[in-house]
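Architecture at a glance
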Amino acid sequence: MTFQLDYFSLKGKTALVTGARTGIGQAISIGLAAAGAHVLLLGHRDNLQETQTKIEEIGGTYDTILIDLSKVDTIREKLKPIIEKHEIDILVNNAGVIYREPAVDFNEQEWMRVIDVNVNSIFVLSQEIGRGMVERGSGKIINIASLLSFQGGIFVPAYTASKHAVVGLTKALANEWAGKGVQVNAIAPGYIETNNTEAIRNDEQRNKSILERIPAGRWGEADDLAGAAVFLSSKASEYVNGHVLVVDGGWLGR
Ligand code: NAP
């Protein structure tokens with residue numbers, strides 16, 4: 001069949017987006033809703049009001065789910081009724097945390113929390129939701145990676161380790177599931193203005209040196225990620241598997 005514009009449409013699809021309360025997860029949720037998907041907004045605190053309102057404003061639809069992704073051993077049980085109720089076509093593993101401390105002093109509990117939220121929960125969600133996708137022979141999983149999936153970063157060893165693992169897991173699942181009609185890919189955002197980067201944006205020196213290195217000449221906005229997420233969620237990307245789509249204003253190529 002020749003290409004049609006409605007390959008980008010997500011009408012009739014259901015998408016689950018983790019970390020939908022703020023930042024990139026909020027922007028991706030609104031983007032998927034704008035493309036026609038019913039969005040399951042996953043947060044861990046009962047205050048997803050802003051995302052809900054923004055989706056209502058564009059005439060989109062949503063349900064809200066609360067699961068603490070740092071408590072990995074509770075995720076399967078909490079997901080069960082959601083999977084029974086909704087046939088999930090698209091899973092966006094976006095929720096993530098960062099903790100900054102020099103490696104010699106790095107807090108062990110924080111190491112565990114970062115790895116649990118950023119990697120272990122992604123595997124459990126992908127396994128539980130991916131199982132249905134594999135059975136049905138179709139589905140899309142998008143993991144949010146980072147520039148620190150390729151680089152070392154400064155004072156964020158757990159985050160860097162977790163984001164390298166996100167790319168490894170993306171490729172491993174893509175290899176297994178590409179032949180079963182399920183596309184698993186990742187998006188690596190550059191430096192985006194969200195809560196995640198507040199500390200380095202407030203550091204005048206870091207802010208200046210980061211900005212000078214970005215060929216696009218500006219920090220990214222969460223909305224800059226929405227188009228990439230719609231593409232990887234849609235029929236338009238049916239033959240894209242195990243890819244990491246970098247959305248960074250040119251940072252990595254410099
Ligand atoms: P953010 O606004 O801090 O978003 C992180 C989201 O994850 C929040 O909605 C947060 O919910 C949720 N979350 C945190 N802990 C959770 C838990 N235990 N259970 C469930 N949800 C939890 O920052 P962001 O920049 O949009 O981050 C989104 C993703 O992009 C992350 O994976 C991050 O690593 C990645 N990323 C960001 C950048 C950047 O420059 N901003 C660059 C590369 C990659 P609460 O706010 O309610 O805690």
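This text goes with the structure placed above it.
Residues numbered from 1 in each chain as written. Predicted model: local features only at pLDDT ≥ 70, side-chain atom pairs only at ≥ 80, totals over all residues. Heavy atoms only, no water.

**Observations concerning the pattern of salt bridges**
Here the idea is simple: oppositely charged side chains can pair when their charged atoms come close. Across all of its chains, the model carries nine salt bridges by this definition. Put simply, Glu212 and Lys208 hold a salt bridge, and the shortest N to O gap is 3.0 Å. Taken together, the positions of Glu212 and Lys208, both in helix H7 (residues 204-213) and four residues apart, correspond to about one turn of that helix. For Lys208, a relative accessible area of 48% translates into the label partly exposed. For Asp224, the salt bridge is made with Arg218, and the minimal N-O distance between the two is 2.9 Å. Connected through shared salt-bridge partners, Arg76, Glu128 and Arg131 make up one network. (Salt bridge = Lys/Arg side-chain N within 4 Å of Asp/Glu carboxyl O. Helix = DSSP H or I, 4+ residues; strand = E, 2+ residues; numbered from the N terminus. Buried < 20%, exposed > 50% of the residue type's maximum accessible area, 1.4 Å probe, protein only.)

**Details of the site of the ligand**
Every one of the 29 residues lining the ligand counts as a neighbour, but Arg21, His44, Asn94, Tyr159 and Thr194 are closest to it. Within the side chain of Arg45, an N or O atom sits 2.9 Å from an oxygen atom of the ligand. A distance of 3.5 Å is found between an oxygen atom of the ligand and a backbone nitrogen or oxygen belonging to Gly96. Taken by itself the ligand offers 880 Å² of open surface, and the protein chains cover 93% of this. The set of elements that each furnish at least two residues to the shell around the ligand consists of helix H1 (23-34) and helix H5 (157-177). Per-class residue counts for the shell around the ligand are 12 nonpolar, 13 polar and four charged. (Near = heavy atom within 4 Å. Polar contact = N/O pair within 3.5 Å; in protein donor to acceptor, adjacent residues only side chain to side chain. Areas by Shrake-Rupley, 256 points an atom, 1.4 Å probe, with all protein chains shown as cover. Nonpolar A, V, L, I, M, F, W, Y, C, P; charged D, E, K, R; others polar.)

**So, the nonpolar core**
Side chains of a nonpolar character, in soluble globular proteins, are inclined to be buried together. In terms of nonpolar packing, the biggest core is built from 31 residues, with Leu16, Ile67, Ile75 and Ile129 touching the most fellow members. Here the element with the most residues in this core is H5; it accounts for six residues. Each residue touching Ile67, except ones within four places of it in the same chain, is listed here: Leu42, Gly43, His44, Ile75, Lys78, Leu79 and Ile82. Ala15, Val92, Ala222 and Val247 belong to the second-largest nonpolar core, a separate cluster that totals 29 residues. (Core = buried A, V, L, I, M, F, W, Y, C linked by side-chain atoms within 4.5 Å. Contact = heavy atoms within 4.5 Å.)

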